[in-house]
Amino acid sequence: MADSGVVVSAPPAAARPRERSRGRLPRGALLLAARKLGGALLVVWGVVTFTFAVARVVAPDPIGLLVPPGATEAAREAVRADLGLDRSMAEQYVIYLRDLVTGDLGTSFGTGRAVTDDLMGRLPATLELAVPALVVGIVLGTALGVLSAVRRGRLLDHVIRVVTVIALAMPQFWLGLVLLSLFYVQLGWLPGPLGRLPVGTPIPPEVTGSYVIDGALAGQWDTVRQALDQLILPCAVLACGIFAPITRVARSGMVEALRSEYVRTAHAYGFGRSTVHRTHALRNALLPVITMIAGGVAFAFTGAVLVEGVFGWPGIGQYALTAVEQSDFPALQGFVLYAAVIYVVLYALVDLAHSLADPRTRS
């Protein structure tokens, strides 16, 4: 073909599409991550500051709980100076933040030990109670919610909804007392609120911190059996508070998914009922359930204060309850920081899970 003599110039550099650099994260993703991290740190700082102020303004003076009633004023002031409570609020706050940055949560007024050591020492007990309750609550709540949506308007749906409403309405401490009265006092089938093991039961050598697992590893099967018996009632009460909200959210999400156009299209293409429910509807219905599960996990690890108190369970929840009763500022602040970090981390993971499950939520 003959040359027409027209020279076609290349587009200017500013008009050329930019090639993405391989192996690098987009700048927008880095800014989004930095913004989320900054927001998370701001939330933790706000919670810590609020708790610091409330613990010192509203709570009673801990000196009255730590010093004998007949002690002189000089003895009281000496204890106050030793605890650093003779300083101004601003000084105490600056010292607390400085120690917090270094990982020092202070010393508990009640135990005389470092708050970090107290929390770590009680964490295995909370884990042993929270993990099975979470498994039961999440599996049961999701299964009942999906089943209720699939059987919508039938007898099974009405039964599940009534049970869910009752579980949501019952205070957990009241449910715990009722179960103790029934299964311990009247029937004698299960042990009472004695903690993780009955008095006199040998504690297995510590490997994981779980009496059930450590007892099995050591071959102490009687300890394993008694530890499982002690778990049944508090685990049931805690799981009841987890499964009920998950059931409601799972049912609502599944009902909405079953009404959607893509489910009707899948039925029109001849896919089987179970395939449509499992592959098309369930995946979209689980998006709000993920958020509710995160709340359930945080509740199991931080909100089971009354459950642990009713059953004498020596976990972090009971530690917080004792701190409130004794006006133990460092212990209470350590628990609140622990709870705030758990909530912030969990809901950051929820954002990530949503972006993986639904690309439309990515930004």
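Predicted model, so just to flag it, every value in this text is computed and none were measured. (Residues numbered from 1 in each chain as written. Predicted model: local features only at pLDDT ≥ 70, side-chain atom pairs only at ≥ 80, totals over all residues. Heavy atoms only, no water.)

Draft legend 1. Focus on a nonpolar patch on the surface. On the surface, F173, W174, L177, V178 and L306 cluster together to form a nonpolar patch covering roughly 460 Å² of accessible area. With four residues, helix 7 (residues 172-186) is the single largest residue contributor to the nonpolar patch. Structurally, L177 can be placed in helix 7. Looking at L177, the relative accessible area reads 45%, which means it is partly exposed. (Patch = residues over 30% accessible without salt bridge, like charges linked within 9 Å, V, L, I, M, F, W, Y side chains within 5 Å. Areas by Shrake-Rupley, 256 points an atom, 1.4 Å probe, with all protein chains shown as cover. Salt bridge = Lys/Arg side-chain N within 4 Å of Asp/Glu carboxyl O. Helix = DSSP H or I, 4+ residues; strand = E, 2+ residues; numbered from the N terminus. Buried < 20%, exposed > 50% of the residue type's maximum accessible area, 1.4 Å probe, protein only.)

Draft legend 2. View of empty space enclosed by the protein. Scanning the model with the defined rule gives one cavity of 30 Å³ or more in all. Approximately 60 Å³ is the volume attributed to the largest cavity. Taken together, L180, P191, G192, P193, L194, G195, D229, Q230, L233, P234, F311 and W313 form the lining of the largest cavity. The element best represented in the lining of the largest cavity is helix 9 (residues 221-258), accounting for four residues. (1 Å grid on protein atoms, 1.4 Å probe; cavity = no way out; pocket = protein on both sides within 12 Å on 5 of 7 lines; lining within 4 Å. Points joined across faces, edges and corners; volume = space filled by probe spheres on them.)

Draft legend 3. Fine view of the nonpolar core. One finds L238, I242, F301, F311 and F335 to be the most contacted residues of the largest nonpolar core, which totals 63 residues. The element best represented in this core is helix 9, accounting for 15 residues. Not counting residues up to four positions away in its chain, the partners in contact with F301 are T126, L127, A130, L134, Y338 and I342. (Core = buried A, V, L, I, M, F, W, Y, C linked by side-chain atoms within 4.5 Å. Contact = heavy atoms within 4.5 Å.)

Draft legend 4. Examining the pattern of salt bridges more closely. Scanning the model with the defined rule gives six salt bridges in all. Notably, a salt bridge pairs R113 with D118, separated by 3.2 Å at the nearest N-O pair. Given a relative accessible area of 45%, R113 falls into the partly exposed group. Ionic contacts of the salt-bridge type, sharing partners, join the residues D222, R225 and D229 into one network.

Draft legend 5. Region of interest: the confidence of the model for the protein chain. Model confidence for the protein chain is summarised by a mean pLDDT of 79, while 79% of its residues fall at 70 or above. Per-element confidence in the protein chain is highest for helix 8 (residues 211-218), whose mean pLDDT is 91, and lowest for helix 10 (residues 261-268), whose mean pLDDT is 63. A low-confidence stretch, residues 4-23 (pLDDT under 50), is modelled with two contacts involving residues beyond four sequence positions or located in other chains. (pLDDT = per-residue confidence, 0-100.)

Draft legend 6. How the structure looks around helix 9. Here helix 9 is 38 residues long, yet its end C-alpha atoms lie only 48 Å apart, well below the 56 Å a rise of 1.5 Å per residue gives. Its axis deflected by about 35° at I232, helix 9 carries its strongest bend there, up to four residues before the proline P234. (Expected span 1.5 Å × (residues − 1). Bend = angle between axes of the 7 residues up to and from the residue.)

Draft legend 7. Spotlight on the packing of helix 5 (residues 115-150) against helix 13 (residues 316-325). Where helix 5 contacts helix 13, the two axes come as close as 8 Å, and the packing angle between them is 135°. It follows from the interaxial angle that helix 5 and helix 13 lie oblique. The segment helix 5 lies against helix 13, with V115, D118, L119, R122, L123 and T126 engaging I316, G317, Q318 and Y319. Counted by class, the contact of helix 5 with helix 13 contains five nonpolar, three polar and two charged residues. (Axes fitted to C-alpha atoms, helices over the stretch in contact; angles between N-to-C directions. Parallel < 35°, antiparallel > 145°, perpendicular 65-115°, else oblique. Nonpolar A, V, L, I, M, F, W, Y, C, P; charged D, E, K, R; others polar.)

Draft legend 8. A positive patch on the surface, seen in detail. Positive charge collects at one region of the surface, where R152, R161, R248 and R259 lie side by side. Position of R259 among the secondary structure elements: in the loop between helix 9 and helix 10. (Lys, Arg positive; Asp, Glu negative; His and termini not counted. Charge placed at Lys NZ, Arg CZ, Asp CG, Glu CD.)

Draft legend 9. Up close: the environment of G309. Within the secondary structure, G309 sits in helix 12 (residues 305-311). For G309, a relative accessible area of 31% puts it in the partly exposed group. Taking the C-alpha atoms as reference points, G309 and Y319, 10 residues apart in sequence, are found 9.0 Å from one another.

Draft legend 10. Representation of the packing of aromatic side chains in the model. With the rule as written, the count across this model stands at five aromatic pairs. Taken together, a centroid distance of 5.8 Å and an interplanar angle of 25° make the contact between F52 and Y96 stacked. In this pair, F52 is assigned in helix 1 (residues 27-57) and Y96 in helix 4 (residues 89-101), connecting sequence segments 44 residues apart. When sorted by exposure, F52 lands in the same class as Y96, which is buried. Grouped by ring-pair contacts, the aromatic residues F52, Y93 and Y96 constitute a single cluster. Directly above the aromatic system of Y211 lies the positively charged group of R196, at a separation of 3.8 Å from the ring centroid. (Phe/Tyr/Trp six-rings, centres within 6.5 Å; stacked < 30°, edge-to-face > 60°. Lys NZ or Arg CZ within 6 Å of the ring centre and 35° of its normal.)

Draft legend 11. Expanded view of the environment of L100. Residue position: L100 is located in helix 4. In this structure, the C-alpha to C-alpha distance between L100 and G334, residues 234 residues apart in sequence, is 9.6 Å. Look past the residues within four positions of L100 in its chain and what remains in contact with it is V48, L105 and L337.

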